[in-house]
Amino acid sequence: MALLLKRVAVVTLPLLVSGCVSADGGFEPQFGFDRVSQETTAKLGKETVWIQDRNASGHVRSRVRSLVQNKTISADTAVQVALLNNRGLQAAYAEVGIATSDLWQEGLGVNPRIGITASRLGVARTIEGVISANIVSLITRERRLDAAAAKVAEAQLGSVEKTLAVAAEARTAWIEAASAWEQVAYLNRAKASADAAAELASKLGGTGAMTKADQAREQVLYAELTGRTAEARLAARLAKERLVRVMGVYGQELDFEVPNTLPNLPRNVRTRNDIEAEALRNRVDLRLAKIELEALATSYGLTKATRYVSDLELGAGLEVEQEITENEDGSTSKKDVTSGIVELAFEIPIFDSGQARLRKAEFGYMRAANLLAEKAVNVRSEARSAYQAYRSSYDIARHYRSSVLPLRKLIEDEGLLTYNGMITNTFDLLTDTRERINSTTQSLNAKRAFWLAEAGLTSAIYGGGETPSGSGAMVADAGGDE
Amino acid sequence: MVSRRAFVGAGAALAGVAAWSKTSAMSLPDAPIMEDASTQPPLAPSAGPDYNPVVTPNGWTLPFRMNNGWKEFHLIAEPVEREMGEGMTAYLWGYNGQSPGPTIECVEGDKVRIFVTNRLPEHTTIHWHGMLLPCGMDGVGGLTQPHIKSGKTFVYEFVMQKSGTFMYHPHADEMLQMAMGMMGSFVVHPKDPTFMPVDRDFVFLLSAYDIDPGTYVPRVMEMTDFNMWTMNTRVFPNIDPLPIGLNERARVRVGNLTMTNHPIHMHGYDFSVTCTDGGWVRPEARWPEVTIDIPVGAMRAFEFDAHVPGDWALHCHKSHHTMNAMGHDVPTFIGVDKTSVAKKIRQLQPDYMPMGTKGMADMGEMSMPIPDNTIPMMTGWGQFGPLEMGGMFTVVKVREDLAKGDYSDPGEYEHPPGTVAYEWTGELPMAAKAPDAPVKTGSLEQKSATPAKASDHSGH
Ligand SMILES: [Cu+2]
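Since the model is a prediction, treat every value here as computed from it, not as a measurement.

Here we look at the overall build of chain B
Part 1 of the argument: On a plain count of helices and strands, chain B comes out with four helices and 23 strands.
Part 2 of the argument: Of all intrachain contacts in chain B linking residues separated by at least 6 positions in sequence, the fraction that spans at least 24 positions is 73%.
Part 3 of the argument: With an accessible surface of roughly 21000 Å², chain B has 56% of that area assigned to carbon and sulfur atoms.

Quick look at the structure:
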């Protein structure tokens, strides 16, 4: 236990951001946002601005139009358009504006401009994360400030999470839509095979070589497949509509297509053994909760953080933690820990209870600290789950692609040979074909599951996924009156 | 088809065996192994009384050695790979490298000693089908002798009490071992060389296997639905012909070790049944035939004077026994217009060829790819076109210019001008015709297959 204790002076931030903080810890006028915007614009030629006037609005509108109109759009385009164009997102940014205006009144010249970009997979994810980190950093810098700053923080938290959520939703909707159209295409092929069988059956009926029941068996198969195809087509249309909503497009902008197929599986997948550490470092909700915890401590008058304890230890209770403190004073050498463990531990500040004005405040604080620890544990688990889903869905999809489908192909090829030898008949051949198509649709489902899991990885590391953050209320409740 | 060169080669291969049999001492006789499925030349006796040896189409004769007045043979029961036809090999059990095993020949009155070595994974015995012998030599495992365990060698000794045509096969796990191809012919020539002499003497066994297209091993539990109907474990078009010189007297000995009877039919001749496995048929008891039904587990020999040259079919008259592997669940497509269906199927299966709409003869003409290790259902080509045959079918080739003892394939028969059926190209008289009757069919209307418009399918 003692080995896990570690004093952490500054929360680690991505390089991009820490470069924007001056040596004395004060603010530079534009903070990091302009620089993020510039860098991403230079690298990717894409940019998203917080629309604050008619000029910007017109600009965004024409950008969106050029991105989608008469085009078949990629997942990244869908994400970018959503980030540019989603009105709910703009509303969240406006909240930041309102809060910042209040803060401005207090004399703090912060005017955040949110540069957001979306491009090739991976890079886009990083950028989405960087933006969140920036906003969080802003809050970090301001955590010593009063209620106005806390409200800014709240609004900023909202917009960060909203940004991430919109990006994730756009990506997911795009995957669902493309996959649904791919399913339709394969069902159409299955239908064609059933159609051929139905026609052949009816012709055999015409020559007197097939009973009515056997003809009907072939025809009902075709009729059922026709129904299934129609259902799949409807599902594909609804999936596209969901994407349209996230992208916030309407009118002429609706004139775009989603590809009829998902991208192929990547050649290999990233191995990320440090996924827990990454999530602990980057999860917006977690880091904000921590800042809020510190604000809460301030509001209780617990002014000085004496040490940090990891989420792993907090569950052991306050007494254990205090014992460790006593030992720590005697033998400092034992505090040394390897960096790997530091990476894996989520540090929670502990305030010296001796300086607490009230016993009640200490309990209140520890309650909040434990809730934070619980959140950290959940974040770890979510990260592991997301990574497992990513790895396993990749293996499953690859299994379908490289084991199941070749076997189906072999069956179909051999089926044609036995058909040629008049050993099996046309219906057997068409059945083999249909079964291959069924396996193909299973394979498509597996591929879809992989791309969804891939998208889920981003949410698990940066936030904005389905897990509610919920900690924003804490500061408002506890911090207001003290 | 066997070529002259193949004969020379095969004769040379066995010459070493003959040389050995004169010099070897009291040890276990060597067991020659045959690796070729082509017809081997007749094996003239190396010792003992003389006889006119038989020819086993797509088979061979086991050499013997004399040892103190005993004719000694050595059979090895073992797994073999038998080429049933070009491009189709079966993994069977047989004797001395082949299935069927080598033909054993000897003479009435001979003292015969047969060594049987078992290299199978399970025990076996050999029953000498039709032979008159001491009960303990009858080869019924458990009943008349202990089984020959794997790796063991047993000796059978008996005196040939009568001449005739016999068979040998296991009588231990008999159903399986025969389904795996274990059998052979056993010919005993008369002591008197002037008794029933012939110029050409052929012997073959009928056997049947169920080998799924694309596989190699027979399904030994199949009782009725076989798909490989063979003569000497060989199927048309790869059964060697029976060449006979014009005006020669020929004998064909046929044994049946399948599970059904086979009406063996020969074109161009009427013949006499002269021998069963019970013995020779007295002349006054013979009657003329063109088809002789061979019962299960029986042997029949028929004879004729080959006085009409030509290529004469010799085959089982059960027409499905002159077919190779086929599916019994293929619907009858006669009269079905597959044009539009074929177009649809080709979108999914570009190599699809519609077949059977006029009959099945297109199968014989189109040589489309079929599964590995499979012989087309109906196949073979003659000078006038596809033969559309398989299984138990071969050709008796009667030729004027055939040398004595020449068993190589003389090729296609050159018909004298004006002796082949020809096409009529002149006027045809009007045929009488009944008034048209209304046609009623059993076709189901296809209403139900068309979905509702609202479902937005792409339509036909
Ligand atoms: Cu037959």
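Next comes the rest of the write-up.
Some details on the coordination of the copper ion
Residue and element names in this part refer to chain B.
Part 1 of the argument: In this structure, His262 (ND1), Cys316 (SG) and His321 (ND1) serve as the protein donors to the copper ion, at separations of 2.0 Å.
Part 2 of the argument: For the copper ion, all donor residues lie on one chain, and their spacing in sequence is H-x53-C-x4-H.
Part 3 of the argument: The class for cysteine 316 is buried, based on a relative accessible area of 1%.

Some remarks on unusual backbone geometry
Residue and element names in this part refer to chain B.
Part 1 of the argument: Put simply, serine 99 and proline 100 share a cis peptide bond, and its omega is 0°.
Part 2 of the argument: Of note, proline 100 is situated in the loop between strand 3 (88-95) and strand 4 (104-107).
Part 3 of the argument: For the peptide bond that leads from phenylalanine 236 to proline 237, omega is 15°, which places it in the cis range.
Part 4 of the argument: Locating proline 237 in the fold gives a position in the loop between strand 11 (228-231) and strand 12 (242-245).
Part 5 of the argument: In this model, asparagine 68 sits at a positive phi of 50°, which is unusual for a non-glycine residue.
Part 6 of the argument: With respect to the helices, strands and loops of the structure, asparagine 68 is situated in the loop between strand 1 (65-67) and strand 2 (70-85).

As for the pairing of strand 21 (residues 379-382) of chain B
Residues and elements named next belong to chain B.
Part 1 of the argument: Bridge analysis of strand 21 against strand 22 (residues 385-389) gives three bridges, and the strand direction is antiparallel. Its bridge partner lying in strand 22, threonine 379 is registered against methionine 389.
Part 2 of the argument: Remark: two residues form the turn of the hairpin made by strand 21 and strand 22, two consecutive strands paired antiparallel.

A few points about helix 8 (residues 212-247) of chain A
Part 1 of the argument: For helix 8 of chain A, spanning 36 residues, the distance from its first C-alpha to its last is 52 Å, which sits close to the expected 52 Å at 1.5 Å a residue.
Part 2 of the argument: Downstream of helix 8 of chain A by one or two residues, A:Gly248 has phi in the positive range, about 65°.

What about the pairing of strand 13 (residues 249-256) of chain B?
Residues and elements named next belong to chain B.
Part 1 of the argument: Among the eight residues in strand 13, seven count as buried, and that is most of the element.
Part 2 of the argument: Sheet topology note: the strand 13/strand 19 (residues 298-305) ladder contains eight bridges and is antiparallel. Looking across to strand 19, one finds that asparagine 256 is bridged to alanine 298.

Side note on the interface of chain B and chain A
Part 1 of the argument: Tallying the contact residues gives 50 residues for chain B and 45 residues for chain A.
Part 2 of the argument: Buried area between chain B and chain A, both sides added, is near 3900 Å², and the carbon and sulfur share of it is 62%.
Part 3 of the argument: If you look at where chain B meets chain A, you find two salt bridges.
Part 4 of the argument: For the side of chain B that touches chain A, the elements supplying multiple residues, two or more each, are helix 3 (339-348) and helix 4 (361-365) of chain B.
Part 5 of the argument: By residue number, the principal contributor to the side of chain B that touches chain A is helix 3 of chain B, which donates six residues.
Part 6 of the argument: A per-class count over the side of chain B that touches chain A returns 25 nonpolar, 17 polar and eight charged.

Overview of a nonpolar patch on the surface
Residues and elements named next belong to chain B.
Part 1 of the argument: A grouping of Met175, Met221, Met223 and Met259 is seen on the molecular surface, where their side chains present a nonpolar patch of about 400 Å² in accessible area.
Part 2 of the argument: Within the element layout of this structure, methionine 221 appears in the loop between strand 10 (200-209) and strand 11.
Part 3 of the argument: The class for methionine 221 is exposed, based on a relative accessible area of 63%.

What to know about the state of the cysteines
Residues and elements named next belong to chain B.
Part 1 of the argument: Applying the stated rule across the entire model yields zero disulfides over all chains.
Part 2 of the argument: The thiol of cysteine 106 is not disulfide-bonded; the next cysteine sulfur, from cysteine 275, is found 14 Å away.
Part 3 of the argument: Residue classification places cysteine 106 among the buried positions, given a relative accessible area of 0%.

Quick word on the pattern of salt bridges
Part 1 of the argument: All told, the structure shown has 36 salt bridges over all chains when counted by the stated rule.
Part 2 of the argument: Of the charged contacts in the structure, one is a salt bridge between A:Asp76 and A:Arg171, with a shortest N-O distance of 2.9 Å. Taken together, the residues span a long stretch of sequence, with A:Asp76 in helix 4 (residues 75-85) and A:Arg171 in helix 7 (residues 147-207) at a distance of 95 residues. A:Arg171 matches A:Asp76 in its accessibility class, with the two residues each being buried.
Part 3 of the argument: Between B:Asp305 and B:Arg249 there is a salt bridge; the shortest N-O distance is 3.2 Å. Of this pair, B:Asp305 sits in strand 19 while B:Arg249 sits in strand 13, and the two are 56 residues apart along the sequence.
Part 4 of the argument: Since its relative accessible area comes to 37%, B:Asp305 is described here as partly exposed.

Digging into the environment of A:Arg272
Residues and elements named next belong to chain A.
Part 1 of the argument: Within the element layout of this structure, arginine 272 appears in the loop between helix 8 and helix 9 (275-282).
Part 2 of the argument: When its relative accessible area of 14% is taken as the criterion, arginine 272 is described as buried.
Part 3 of the argument: Put simply, arginine 272 and glutamate 454 are 182 residues apart on the chain and 12 Å apart in space, counted from C-alpha to C-alpha.
Part 4 of the argument: Once residues lying within four places of it in the same chain are set aside, the contact partners of arginine 272 are Glu278, Tyr387, Leu457 and Ile461.

A word on the environment of B:Met223
Residues and elements named next belong to chain B.
Part 1 of the argument: Mapped onto the fold, methionine 223 is located in the loop between strand 10 and strand 11.
Part 2 of the argument: Sequence separation of methionine 223 and histidine 317 is 94 residues, and the distance between their C-alpha atoms is 20 Å.
Part 3 of the argument: The residues touching methionine 223, leaving out its near neighbours within four places in the chain, are Met175 and Met259.

Let's talk about the side chain of B:Thr374
Part 1 of the argument: When you line up the elements, B:Thr374 lands in the loop between helix 4 and strand 21.
Part 2 of the argument: Residue classification places B:Thr374 among the buried residues on the basis of a relative accessible area of 11%.
Part 3 of the argument: A polar contact is formed between the side chain of B:Thr374 and the backbone nitrogen of B:Gly214, at a distance of 3.0 Å.
Part 4 of the argument: A polar atom in the side chain of B:Thr374 sits 3.2 Å from the backbone oxygen of B:Pro371.
Part 5 of the argument: Those residues in contact with B:Thr374 that sit more than four places away from it in its chain are A:Ile423, B:Gly87, B:Met88, B:Pro213 and B:Gly214.

As for the nonpolar core
Part 1 of the argument: By size, the foremost hydrophobic cluster in this structure holds 69 residues, and its most contacted members are A:Trp174, A:Leu243, A:Met247 and A:Phe256.
Part 2 of the argument: Broken down by element, this core gets its largest block of residues, 14 residues, from helix 14 (residues 359-420) of chain A.
Part 3 of the argument: Here A:Met247 is in contact with A:Val68, A:Ile73, A:Ala78, A:Val81, A:Ala82, A:Asn85, A:Asn86 and A:Phe256, once residues within four sequence places are set aside.
Part 4 of the argument: Core analysis: the next-biggest nonpolar cluster, separate from the first, contains 35 residues, B:Ile104, B:Ile148, B:Tyr168 and B:Val220 among them.

About the thresholds
Residues numbered from 1 in each chain as written. Chains lettered and ligands numbered in written order. Predicted model: local features only at pLDDT ≥ 70, side-chain atom pairs only at ≥ 80, totals over all residues. Heavy atoms only, no water. Helix = DSSP H or I, 4+ residues; strand = E, 2+ residues; numbered from the N terminus. Contact = heavy atoms within 4.5 Å. Areas by Shrake-Rupley, 256 points an atom, 1.4 Å probe, with all protein chains shown as cover. Donors = N, O, S within 2.8 Å, 3.2 Å for Na, K, Ca; no water. Buried < 20%, exposed > 50% of the residue type's maximum accessible area, 1.4 Å probe, protein only. Pairing = 2+ DSSP bridges. Expected span 1.5 Å × (residues − 1). Buried area = accessible area lost by both parts, 1.4 Å probe. Salt bridge = Lys/Arg side-chain N within 4 Å of Asp/Glu carboxyl O. Nonpolar A, V, L, I, M, F, W, Y, C, P; charged D, E, K, R; others polar. Patch = residues over 30% accessible without salt bridge, like charges linked within 9 Å, V, L, I, M, F, W, Y side chains within 5 Å. Disulfide = S-S within 2.5 Å. Polar contact = N/O pair within 3.5 Å; in protein donor to acceptor, adjacent residues only side chain to side chain. Core = buried A, V, L, I, M, F, W, Y, C linked by side-chain atoms within 4.5 Å.

Any functional reading would require information beyond the geometric quantities listed.
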